[in-house]
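Structural characterization, general
Below, each chain spelled out in residue letters.
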Amino acid sequence: MEWSVIFKLVVLGVLHWALVPVAVENLVKRQRVLGGRKALWAVAILLLTCFGPLVYLLTHPQVEAEAEEIRARWDR
């Protein structure tokens, strides 16, 4: 294998494992997720190298969480 390919694979792996804890923590904190199935998102986050966490984080922006907090305050 060529060194540039090995370097790219290592960078991809490091990026994946840097994003996984962020995405999993966010997944655990949320009450609702797109599609309604947290287990499928967890599998995607863990197994789809880089793309699982990226897709999850892009489809579940923090804006939604902030909107839920605002709604909860109004419901009190």
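For the structure, check the block above.
This text gives an overview of the structure that appears in the document. (Residues numbered from 1 in each chain as written. Predicted model: local features only at pLDDT ≥ 70, side-chain atom pairs only at ≥ 80, totals over all residues. Heavy atoms only, no water.)

**Section: the overall build of the chain**
- Within the chain one finds four helices and zero strands.
- For the chain, the N- to C-terminal ordering of α and β elements is α-α-α-α.
- Classification of the 76 residues of the chain by burial places 21% in the buried group.
- Accessible surface computed for the chain: about 6000 Å², of which carbon and sulfur atoms make up 70%. (Helix = DSSP H or I, 4+ residues; strand = E, 2+ residues; numbered from the N terminus. Buried < 20%, exposed > 50% of the residue type's maximum accessible area, 1.4 Å probe, protein only. Areas by Shrake-Rupley, 256 points an atom, 1.4 Å probe, with all protein chains shown as cover.)

**Quick notes on the nonpolar core**
- By size, the foremost hydrophobic cluster in this structure holds seven residues: Val20, Ala23, Leu27, Val33, Trp41, Ile45 and Tyr56.
- Looking at this core element by element, the count peaks at three residues for helix H1 (residues 3-29).
- In contact with tyrosine 56, not counting residues within four places along its chain, are Ala23, Asn26, Leu27, Arg30, Val33, Trp41 and Ile45. (Core = buried A, V, L, I, M, F, W, Y, C linked by side-chain atoms within 4.5 Å. Contact = heavy atoms within 4.5 Å.)

**Observations regarding the packing of H1 against helix H2 (residues 38-47)**
- Taken N-terminus to C-terminus, the directions of H1 and H2 make an angle of 170°; their axes are 9 Å apart at the nearest point. One way to sum up the angle between H1 and H2 is to call them roughly antiparallel. Contact residues: His16, Trp17, Val20, Ala23, Val24, Leu27 and Val28 in H1; Lys38, Trp41, Ala42, Ile45 and Leu46 in H2.
- The residue makeup of the contact of H1 with H2, split by class, is 10 nonpolar, one polar and one charged. (Axes fitted to C-alpha atoms, helices over the stretch in contact; angles between N-to-C directions. Parallel < 35°, antiparallel > 145°, perpendicular 65-115°, else oblique. Nonpolar A, V, L, I, M, F, W, Y, C, P; charged D, E, K, R; others polar.)

**Regarding a nonpolar patch on the surface**
- Side chains of Val5, Leu9, Leu12 and Leu15 sit close together on the surface and give an oily, nonpolar patch of about 310 Å² of accessible area.
- With respect to the element layout, leucine 15 can be found in helix H1.
- Its relative accessible area of 41% is what places leucine 15 among the partly exposed residues. (Patch = residues over 30% accessible without salt bridge, like charges linked within 9 Å, V, L, I, M, F, W, Y side chains within 5 Å. Salt bridge = Lys/Arg side-chain N within 4 Å of Asp/Glu carboxyl O.)

**So, the pattern of salt bridges**
- Considering all chains together, one arrives at one salt bridge under this definition.
- Note that lysine 29 is salt-bridged to glutamate 25, the shortest N-O span being 3.1 Å. Highlighted residues: lysine 29 and glutamate 25, both in helix H1, separated by four residues, approximately one helical turn.
- Note on lysine 29: relative accessible area 63%, which makes it exposed.

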